[in-house]
Amino acid sequence: MPARILSGIAIRDEIYAELKQEIAALAAAGIRPGLAAVLVGENAASQIYVRSKIAACEQLGLGSWMETPPAAVTTEELLALVARLNARNDVDG
């Protein structure tokens, strides 16, 4: 079997085109899906990753929020944050 070169950018663009259609249909029904990311601490690689997810949401027309509690956050505080996000109607994931 010959080698095949895959273009990650082309595949991403195909997926985004499909998602944009689905998001437009939701928007027509008055729904704007949203993603909330919780990033604890100051890990540089994680910050880059989460920022890329937020940028993708913006490009697709999704709502997005990033919560950044400090590394010293307690379990109880973190669970309370997640509970608040879960209770929001504009956060779907």
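Above this note sits the structure.
Conventions used here
- Residues numbered from 1 in each chain as written.
- Predicted model: local features only at pLDDT ≥ 70, side-chain atom pairs only at ≥ 80, totals over all residues.
- Heavy atoms only, no water.
- Helix = DSSP H or I, 4+ residues; strand = E, 2+ residues; numbered from the N terminus.
- Expected span 1.5 Å × (residues − 1).
- Phe/Tyr/Trp six-rings, centres within 6.5 Å; stacked < 30°, edge-to-face > 60°.
- Lys NZ or Arg CZ within 6 Å of the ring centre and 35° of its normal.
- Pairing = 2+ DSSP bridges.
- Right-handed = clockwise from strand over helix to strand, strands pointing away.
- Core = buried A, V, L, I, M, F, W, Y, C linked by side-chain atoms within 4.5 Å.
- Buried < 20%, exposed > 50% of the residue type's maximum accessible area, 1.4 Å probe, protein only.
- Contact = heavy atoms within 4.5 Å.
- Polar contact = N/O pair within 3.5 Å; in protein donor to acceptor, adjacent residues only side chain to side chain.
- Salt bridge = Lys/Arg side-chain N within 4 Å of Asp/Glu carboxyl O.

A.B. asks: Lay out helix α1 (residues 8-28) in plain terms, naming residues and giving numbers.
C.D. replies: An α-helix turns once every 3.6 residues. As a result, residues three or four positions apart point the same way. Under the 1.5 Å per step criterion, the end-to-end length of α1 is 30 Å for 21 residues, consistent within 8% with the ideal 30 Å. Following α1 by one or two positions, G30 has its phi on the positive side, about 80°.

A.B. asks: So what about the packing of aromatic side chains? Which residues, and what values?
C.D. replies: One pass over the structure, following the stated rule, counts 0 aromatic pairs. In this structure, R88 is placed above the aromatic ring of W65, and the distance from its NZ or CZ to the ring centre is 4.7 Å.

A.B. asks: Would you mind going over the pairing of strand β2 (residues 63-67) in detail, with residue names and values included?
C.D. replies: In this sheet, β2 lies alongside strand β1 (residues 34-38) in parallel orientation, the contact comprising 5 bridges. If you follow A36 over to β2, its bridge partner there is W65. The handedness of the β1 to β2 crossover, carried by helix α2 (residues 44-60), is right-handed.

A.B. asks: Describe the nonpolar core, and please don't skip the residues or the numbers.
C.D. replies: Most often, soluble globular proteins have nonpolar side chains that are buried together. With 6 residues, the main nonpolar core is built from Y16, I23, A56, C57, L60 and L62. Elements represented by at least two residues in this core include exactly α1 and α2. Broken down by element, this core gets its largest block of residues, 3 residues, from α2. Ignoring anything within four residues of it in the chain, the contact list for L62 reads I23, R32, P33 and C57.

A.B. asks: How would you sum up α2? Please name residues and give values.
C.D. replies: Compared with an ideal rise of 1.5 Å per residue, which puts 17 residues at 24 Å, α2 spans 25 Å between its outermost C-alpha atoms and is within 8% of the ideal. Check the buried side of α2 and you find it contacts α1, β1 and β2. Where α2 starts, the residue carrying a side-chain oxygen 3.0 Å from the main-chain nitrogen of A45 turns out to be N43. G61, located one to two residues past α2, shows a positive phi value of around 90°.

A.B. asks: Describe the pattern of salt bridges, naming the residues involved and giving the relevant values.
C.D. replies: By the definition in use, this model includes 2 salt bridges. A salt bridge links R12 to D13; the nearest nitrogen and oxygen atoms lie 2.8 Å apart. Judged by its relative accessible area of 38%, D13 falls in the partly exposed class. Across the salt bridge formed by D90 and R88, the nearest N and O atoms sit 3.0 Å from each other. On the basis of relative accessible area, D90 is assigned to the partly exposed category, the value being 30%.

A.B. asks: So what about the environment of C57? Which residues, and what values?
C.D. replies: If you trace the backbone, C57 turns up in helix α2. Of the residues examined, C57 reaches a relative accessible area of 5% and is grouped as buried. A C-alpha to C-alpha distance of 9.5 Å links C57 and P33, two positions 24 residues apart in sequence. Residues in contact with C57, not counting those within four places in the same chain, are L35, L62, G63 and S64.

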